Every structure is written in structure tokens, then in C-alpha cells.
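Next come the chains, spelled out residue by residue.
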Amino acid sequence: MPLLFAPAFLRERRFPWVWDATGALLVFGLFAAFGLGLMGALAPIEKITTEPINLNPARLPEYAVRTVLRMAAAMLASLLFTFTYGAVAAKSRRAEPILIPLLDVLQSVPILGYLSFTVVFFMSLFPRRVLGAELAAVFAVFTSQAWNMAFSFYQALRTVPQDLQEAASAFRLPAWQRFWRLEVPFAIPGLVWNMMMSASGGWFFVVASEAISVGERQIALPGIGSYVALAIARQDLRAIGWAILAMTLAILLCDQILFRPLVVWADRFRFEQTARGTSHSWFLYVLRRSWLFQRVGMVISFALRRLLRAKLLNSLEAREHRPIGGIWPRLLDLVWYGAVLALIIWASLTVVRFVATELVWSDVATAVRLGFYTLLRVIALVALAALVWVPLGVIIGLRPRLAEHIQPLAQFLAAFPANLLFPIAVFLIVQWQLNPEIWLSPLMILGTQWYILFNVIAGTVAYPTDLLEAAATFRFRGWQWWRQALLPGIFPYFITGAITASGGAWNASIVAETVSWGEKSLSAHGLGAYIAANTAAGDYPKIVLGIVVMSLFVILLNRLVWRPLYAYGERHFRLE
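These numbers were taken from a predicted model, which means no experiment stands behind them.

> Tell me about the overall build of the chain, and name the residues and values.
Scanning the chain for helices and strands turns up 26 helices and 4 strands. Per-residue burial over the chain gives 50% buried out of 576 residues. For the chain, the share of sequence-separated contacts (at least 6 apart) that also reach a separation of at least 24 residues comes to 81%. A total of about 28,400 Å² of accessible surface is found on the chain, and carbon and sulfur atoms cover 70% of it.

Here you go:
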């Protein structure tokens, strides 16, 4: 693969040391960044209060490194969660009815709802160190990344083409090797694009994770999020501008060093027999030319091959998937579903007892009524976002060169915190005397509409080129091309994006239905505003009530709308 924009002497072989020096600098930079983060995490907790956030732009590089390290830790945890949770949900008929509705709820419960109950827990683990607050922030970012990736992986495992499964059976691959040689590679293209969207979602919620206020507790970790929160509180537009610049540079750096190489690497796993235009990555070229990274890659590759062929793992998986006949499977199903039902009843009674200590039925009616307001906003916004981003996502996905240039811009727009637009929204609504019930609603979809775009791009990139050529041979044009060729192929990806966008809109309602700038504050009727107000007041029974009502709305919406559409696409639109 040519290095298109490198000087001529770099493209020749006369200076092999250039690549090794570049690799050594990268390794040194990674260790230095990791050391900086570790020193900050192990510092005494008093450092948060004795060294408050400083709006001096010279501190932004340090803050950016700390934020990127938190997001990297959250991304690693999200990948581990994805490969375990998504695989179990896709392969276990007993676990799927439990895990998927639970995932629907988890992706929709507002992050402030998590922080209200998790900050105290993580702080209690390390009461005298900043590490407790760091873990709370990483967990909050994790909750904005993991669900989308798990849904993508689950969708890919459920739609593996039948001919590939038959080929794996013909080669007699054990379940462990089938998973890593067939299912994971098939899921890689879509998962990479969803990783980018998840990283952008982490930037979107970084303000909520680094600078939080729960009751009387104030926590502001060094990072871009805390810097932005302080700039908004002080109405310092100059500091907000510096924060936007720092965030832009961090996003571009992560794109060029991490996500662009991943996109190029994922091209090898696309399910097709016909070549398509390929993308390029200068950084991946540097890694492939560096002697240091070549040797490290060889060691890692050898270790992974040995792990893949491990007899213990293959034998355990093989025994687990052997069919069992007789009455025992039915008895096991009965015990399993009985235990799950008992757990649900116990959890429900626990919540009811906690809420009933201070609330009455009128409070429940109020929460339900506000939930319907938010539901209408979510449905309308997801529909509008689909009309805009589905055709644009297809156009981008069909043109790798265009995607290479659009990807950084899309990542920046997806990562841009809507909090920075709240002052503009407040000013315009007040200046033009607009209705907050309507004009605050778009803030809910600003960060979540990108789930649809990124999943549509992933589906289009994974769509086999030979099917596109077949459609061209049969002279499909216009709406016929969309209806009979492309839309069926990307339909499962679109549903995945719509589900996560819907859940993200519910999540974002907590910061979008109540906004402020200085002394001016606007609020719309909705469940998000209800949870935000009670979180600020430290009213835990009402926080729990709001989260439970929101979870019920999300489950009903997914059960009645999104899951039937998902099952329909799974039955009728598999590439096989």
C-alpha cells in the first residue's frame, strides 16, 4: 500500500531507521501518557479540591491526555463486555430473552442516573485516592459506549450467512474456533464503525462524567469535560473556544492513529468475492514498516494462534454444544425461567418498597405523563434522523475514498458535546420567544443521530459488491434499486442504529430537556427534566421512580416496535 503523502526519501528503503525511530517515539509517548494518568489516579483525593480546574489554555494538553486515557480504558472495558455479553445473548436461547431487554434498559437509563448510585460505590473502594473518582468516570463513559457495540456484535452474530456456517461445519471447526475464525471476523467491519460511534458518544457525555454534582458532592476530575463545565458555568466563551480546539485535535489524532488503521484493517473481513476501492492509512503503513512493531506483531500473532488451537478451550466448547435429548432440557428451562421470574419479582418489590416510603400514586401518574411527552419527542426525532442519514450513509458507504475524508468530520460532529450548543439554544429561544417544549427537543438527537449514520455506513461497507453488480446487470434503477437491492442488505444495520439512537435519545433527554446558561434556565415537560431536577435535589426515591418509568417505556417501545422489525429483517434480509 503506497504512502501517498510521504516525501520521496521516506518511500524508499534507504532509511529503514526512520520507521523504527517513529515506532520508538510512539511507544515512549504511550508509556509517558500512561504514567501521567497513573500518577494522577493514585494521587490523594484532596488533590481534586486543592488543585481545582484551571481555565488557562496551557493546561489543556494535560487535560486532553487524561480524558483520552479515560476513554481508552472505557473502550477496552466495552470490547470485553461486547465479546462476552453479545456472544452469550446471540447464542443462548435461555439468556437472550433476559439479556436483550436488559441491554435496552441499560442503554437508555441516563448517565446521571448511574452516577447518582455509582460514585459513592467507587469512592468507597478507594476513599483516600483519586482512583475511586477515576473509576466512576470511566464507568460513566463505559455506559455511553458498551451498549451500542454489544448490539452491533449481537446483530452480526445473528446474521452470519448460512453458506459460511456450512463451510465452518464442513471444516469441522469447534465452537471456539468457529467463533474467532468465522463469527468475529464477520462482525469486525460493523463493530469498527460502531467503536467509532461509541468513542464519539464518550466525548458527548464526557462533561457529565468528569464534572458531576450529586446532592452536595462535587467532583471535577482534570479533563476537557471539567474544563468545559467550568467554562460554561463562568460564561467564558474564550475558554469554550480553546476547549473545542483541544477536543478537535484530540479527535483527529485518535482518528488517524487508531480508527483509520482499524477501518483499513477491517477491509480484509468483508463478505464478498469482488474487489472494491480500498482505503489507506499512513499510520498503518508506518507500523508495517517498523521493525519493532513487526516483531511485537509476530509475538502477539503467535500467542493468539496458540490460544486459538488450545485443546482445552476447544474441547470445552465442543461438549457444551452437544445436543441433549429427553425431559432434562424442558426441566432446565422451567427452573431457569422460574428463577428469572423470582428475581424480577424480588427486584420489583424492592423498588416498590423503596419508592413507597416517600411517594404516592400521584407521583407515579406524573412520571408516566412526563414519560409520554419524552416518548413523542423520541419517536419524531428518530424518524427525522432516519430520513436524513440513511441516504447519506449509503452514499458515503459506497465510496471508500469519500468515506476516508468524511469519517473524521463525522466523528467530530458526533463527538461534539451538545452542552456547548446549549447557550446558543437558550439565547435563540429567549430572543425569539420560542416554545421550549418544541425547540429544546432537537438537542436530544444531536448526539444520537450519528448512531443511524454510522450503522448505515457499516451496513453499506459490508454489503457485497457482487450483489451490487448483479443489481446493475438487471438494470435496477431509482426506487427499485433501493427497495430490492440495498435496503434489504442494510436493514438489520439500520434497525441496530435506530435502537441505539432511540436509547441514546432517552439518555440525552436528561441534559436536553433542562438547559441553562448563566442565570437563564429553560425547561420542557418530560421525564428527562424530571430526573435531572430530582438528581440535583438529591431526591433518590423520585430518581428511582423516573428511571423505572423510563425503563418501562423503553422496554415497551423496543418490544412493540424495534424487536419485531429486527426479527423481520433477520428472517428476510440475510446475505446468503
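Additional details are given in the paragraphs that follow.
> Account for helix α22 (residues 449-462), naming residues and giving values.
Residue pairs spaced three or four apart in an α-helix point in one direction, given the helix's 3.6 residues per turn. The end-to-end C-alpha distance of α22, which contains 14 residues, comes to 21 Å, matching closely the 20 Å that a straight helix rising 1.5 Å per residue would cover. With 14 of its 14 residues buried, α22 lies for the most part within the structure.

> Kindly report on the nonpolar core, identifying the contributing residues and their values.
In terms of nonpolar packing, the biggest core is built from 134 residues, with Phe-81, Ile-452, Leu-453, Phe-454, Trp-481, Phe-494 and Trp-506 touching the most fellow members. Residues within four places of Leu-453 in sequence aside, it is in contact with Trp-389, Leu-392, Gly-393, Ile-396 and Ala-410. By size, the runner-up hydrophobic cluster in this structure holds 12 residues, among which are Ile-48, Phe-122, Val-130 and Ala-136.

> With reference to specific residues and values, describe unusual backbone geometry.
Despite not being glycine, Arg-172 shows a phi value in the positive range, around 55 degrees. Mapped onto the elements, Arg-172 comes out in the loop between α8 (162-170) and α9 (175-204).

> Could you give me a rundown of a nonpolar patch on the surface, with the residues and numbers involved?
Together, Leu-384, Leu-387, Val-388, Leu-392, Ile-395 and Leu-402 make up a nonpolar patch on the protein surface, roughly 520 Å² of accessible area in all. No other element matches helix α17 (residues 361-397), which puts 5 residues into the nonpolar patch. Positionally, Leu-402 belongs in helix α18 (residues 400-415). Residue classification places Leu-402 among the partly exposed residues on the basis of a relative accessible area of 32%.

> An account of the environment of Leu-428 is needed here, citing residue identities and associated values.
If you trace the backbone, Leu-428 turns up in helix α19 (residues 422-431). Leu-428 sits in the partly exposed class, given a relative accessible area of 31%. For Leu-428 and Trp-439, which are 11 residues apart along the polypeptide, the C-alpha to C-alpha distance reads 9.6 Å. Discounting chain neighbours no more than four positions away, the residues touching Leu-428 are Gln-433 and Leu-434.

> Outline the packing of aromatic side chains, supporting the account with residue identities and numerical values.
In the structure shown here, the tally under the stated rule is 18 aromatic pairs. Ring geometry for Trp-481 versus Trp-482: centroids 5.3 Å apart, planes at 85 degrees, classification edge-to-face. Owing to a relative accessible area of 18%, Trp-481 belongs among the buried residues under this scheme. An aromatic cluster is defined as three or more aromatic residues linked by ring pairs; in this entry it consists of Phe-81, Tyr-85, Phe-121, Phe-122, Phe-139, Phe-142 and Trp-147.

> Run through the side chain of Asn-558, naming residues and quoting values.
The topology assignment puts Asn-558 in helix α26 (residues 540-572). Here Asn-558 is in contact with Asp-104, Ile-499, Arg-563 and Pro-564, once residues within four sequence places are set aside.

> Lay out the pattern of salt bridges with the relevant residues and their values.
In total, this model carries 8 salt bridges according to the counting rule given. A salt bridge links Glu-96 to Arg-158, with the nearest nitrogen and oxygen atoms 2.4 Å apart. Taken together, the positions of Glu-96 in helix α5 (residues 96-108) and Arg-158 in helix α7 (residues 131-158) put the pair 62 residues apart, joining distant regions of the chain. The exposure class assigned to Arg-158 is partly exposed, which follows from its relative accessible area of 21%. What you see here is one network of salt bridges that share partners, running through Arg-66, Arg-70, Glu-134 and Glu-210.

> Let's hear about the confidence of the model for the chain: which residues, and what values?
On average, residues of the chain score 79 in pLDDT, and 85% of them are at 70 or above. Summarising per-element confidence for the chain, the mean pLDDT is lowest in helix α1 (residues 8-11) (45) and highest in helix α4 (residues 60-91) (91). Across residues 1-13, confidence stays below pLDDT 50; counting only partners more than four residues off in sequence or on other chains, it has 20 contacts. Within the model, the stretch residues 318-324 combines pLDDT values under 50 with 2 contacts to residues more than four positions away or in other chains.

> Requested: an account of helix α12 (residues 237-266), with residues and values cited.
In a regular helix each residue adds 1.5 Å, so 30 residues correspond to 44 Å; α12 covers 40 Å between its end C-alpha atoms and thus fits that length. Along its length, α12 reaches its greatest deviation from straightness, about 45 degrees, at Asp-255. Between the side-chain oxygen at the start of α12 and the backbone nitrogen of Arg-238 there is a gap of 3.2 Å, and the oxygen is on Asp-236.

> Lay out a positive patch on the surface in plain terms, naming residues and giving numbers.
Positive charge collects at one region of the surface, where Arg-181, Arg-305, Arg-306 and Arg-309 lie side by side. As for its placement among the helices and strands, Arg-306 is situated in helix α14 (residues 291-308).

> Lay out the environment of Ser-348 in plain terms, naming residues and giving numbers.
Turning to its location among the elements, Ser-348 is positioned in helix α16 (residues 328-356). Take Ser-348: its relative accessible area is 37%, and that puts it in the partly exposed class. Sequence separation between Ser-348 and Val-548 is 200 residues; the distance between their C-alpha atoms is 9.6 Å. Polar side-chain contacts of Ser-348 include one of 2.8 Å to the backbone oxygen of Ile-344.

> Explain the packing of α17 against helix α24 (residues 478-512) residue by residue, including any values.
The interhelical angle for the contact between α17 and α24, taken along N-to-C directions, is 140 degrees, at an axis separation of 9 Å. Of the two elements, α17 crosses α24, and the hand of that crossing is right-handed. Residues Gly-371, Thr-374, Leu-375, Val-378, Val-382, Ala-386, Val-390, Pro-391 and Val-394 of α17 pack against Trp-481, Trp-482, Leu-486, Leu-487, Ile-490, Phe-494, Ala-501, Ser-502, Ala-505, Trp-506 and Ser-509 of α24. When the residues that make up the contact of α17 with α24 are grouped by side-chain class, the tally is 16 nonpolar, 4 polar and no charged.

The rules behind each value
Residues numbered from 1 in each chain as written. Predicted model: local features only at pLDDT ≥ 70, side-chain atom pairs only at ≥ 80, totals over all residues. Heavy atoms only, no water. Helix = DSSP H or I, 4+ residues; strand = E, 2+ residues; numbered from the N terminus. Buried < 20%, exposed > 50% of the residue type's maximum accessible area, 1.4 Å probe, protein only. Contact = heavy atoms within 4.5 Å. Areas by Shrake-Rupley, 256 points an atom, 1.4 Å probe, with all protein chains shown as cover. Expected span 1.5 Å × (residues − 1). Core = buried A, V, L, I, M, F, W, Y, C linked by side-chain atoms within 4.5 Å. Patch = residues over 30% accessible without salt bridge, like charges linked within 9 Å, V, L, I, M, F, W, Y side chains within 5 Å. Salt bridge = Lys/Arg side-chain N within 4 Å of Asp/Glu carboxyl O. Phe/Tyr/Trp six-rings, centres within 6.5 Å; stacked < 30°, edge-to-face > 60°. pLDDT = per-residue confidence, 0-100. Bend = angle between axes of the 7 residues up to and from the residue. Polar contact = N/O pair within 3.5 Å; in protein donor to acceptor, adjacent residues only side chain to side chain. Lys, Arg positive; Asp, Glu negative; His and termini not counted. Charge placed at Lys NZ, Arg CZ, Asp CG, Glu CD. Axes fitted to C-alpha atoms, helices over the stretch in contact; angles between N-to-C directions. Left-handed = near helix turned anticlockwise from the far one by under 90°. Nonpolar A, V, L, I, M, F, W, Y, C, P; charged D, E, K, R; others polar.

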